[in-house]
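# Breakdown of the fold
What follows is each chain in one-letter form.
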Amino acid sequence: MKRLYAECARSDGRRIDTRRLTTLALLTAAALVLSLVESMLPPLLPIAPGAKLGLSNIAPLVALILLGVPDAFIVMTVKSLLGATLSGGLSGLMYSLPSGTASLAVEALMFYLLFGKTSLSMISLVGAVVFNAVQLCVACAVTGVDLLPLLPPLIAAGILAGAFTGLAAYYIIKKLPYTVYGVRRRK
C-alpha cells in the first residue's frame, strides 16, 4: 500500500487533477452520508455516552492512504462542517473538528513512520482512541465538569470502533479499481 501511495502522490502540481477532485468529492459525500446515518444509531457502548462506531472516519482514512495528508484533512474538515450544519448541531463542531484533526494527525504520523511495521487497523485504532480522548478533553473544558471517569469506557469504544474502521478502510482500498485513484503517466 505504501508503494500505491507513493505512485498516487506524484503530480506535476501545475493543474487541478479532475480525478483527484472527483475522488475527494466522493469520499466527502460518503463520509457525510455515513455521519448522518450514524447519528441515528444508538451509542456503541451503553456505558459510554456518545460513543459511536465512527463509520464516517473511514473516508478520511481512505483519503490519507490514496491521496495524501492534505486531501485527508480536506475530507475530514468538510465532513465535520457539513455534518454539523446538516444535522443542526453546530455546537458539535467544537467537538468534532479538534478531535478529527488530532486523530488524523496521529494517523498520518503512524502511516508515514510505521506503515510497514503495523496494520491499517492499528493505525485507525490509535486514531479512534485519540479522537475520543481529545473529544473528552474538549467536553471537560466546555462544561467545566470533570468527565475523566468516562475515559476508560471511551477508550474501550475507541478500540472497537477503530479496529472496525481500519478493517473497513483496508477492504475498501483493496477493492477499489485503479481507475478511481490511479495517475496517468505522460509518455
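Residues numbered from 1 in each chain as written. Predicted model: local features only at pLDDT ≥ 70, side-chain atom pairs only at ≥ 80, totals over all residues. Heavy atoms only, no water.

### Here's the deal with the environment of Leu41
Checked against the element boundaries, Leu41 lands in the loop between helix H2 (18-38) and helix H3 (58-66). Sequence spacing of Leu41 and Leu53 is twelve residues, and the spatial spacing of their C-alpha atoms is 9.2 Å. (Helix = DSSP H or I, 4+ residues; strand = E, 2+ residues; numbered from the N terminus.)

### Focus: the packing of H3 against helix H7 (residues 151-175)
Between H3 and H7, whose axes approach to 9 Å, the crossing angle comes to 50°. Relative to H7, the element H3 is oriented oblique. In this structure, H3 crosses over H7, and the sense of that crossing is right-handed. Across the interface between the two elements, Ile58, Leu61, Val62, Ile65 and Leu66 from H3 touch Thr165, Gly166, Ala168, Ala169, Ile172 and Ile173 from H7. When the residues that make up the contact of H3 with H7 are grouped by side-chain class, the tally is nine nonpolar, two polar and no charged. (Axes fitted to C-alpha atoms, helices over the stretch in contact; angles between N-to-C directions. Parallel < 35°, antiparallel > 145°, perpendicular 65-115°, else oblique. Left-handed = near helix turned anticlockwise from the far one by under 90°. Contact = heavy atoms within 4.5 Å. Nonpolar A, V, L, I, M, F, W, Y, C, P; charged D, E, K, R; others polar.)

### A word on the confidence of the model for the protein chain
Taken residue by residue, the protein chain gives an average pLDDT of 82. The fraction at 70 or more is 81%. No element of the protein chain has a lower mean pLDDT than helix H1 (residues 2-9), which averages 48, and none a higher one than H3, which averages 92. For the stretch residues 183-187, pLDDT sits under 50, and the model shows eleven contacts to residues farther than four places along the chain or on other chains. (pLDDT = per-residue confidence, 0-100.)

### Comments concerning the pattern of salt bridges
When charged atoms on two side chains of opposite charge get close, those side chains can pair. Enumeration according to the criterion identifies one salt bridge in this entry. Note that Asp71 is salt-bridged to Arg20, the shortest N-O span being 2.8 Å. With Asp71 in helix H4 (residues 69-87) and Arg20 in helix H2, the pair connects residues that are 51 residues apart, well separated along the chain. Classification of Arg20 by relative accessible area gives partly exposed; the value is 31%. (Salt bridge = Lys/Arg side-chain N within 4 Å of Asp/Glu carboxyl O. Buried < 20%, exposed > 50% of the residue type's maximum accessible area, 1.4 Å probe, protein only.)

### Section: the state of the cysteines
A disulfide bridge is the covalent bond that connects two cysteines by way of their sulfur atoms. Summed over all chains, the structure comprises zero disulfides. For Cys137, which is in no disulfide, the shortest distance to another cysteine sulfur is to Cys140 and amounts to 6.2 Å. The class of Cys137 is partly exposed, set by a relative accessible area of 47%. The class for Cys140 is buried, based on a relative accessible area of 18%. (Disulfide = S-S within 2.5 Å.)

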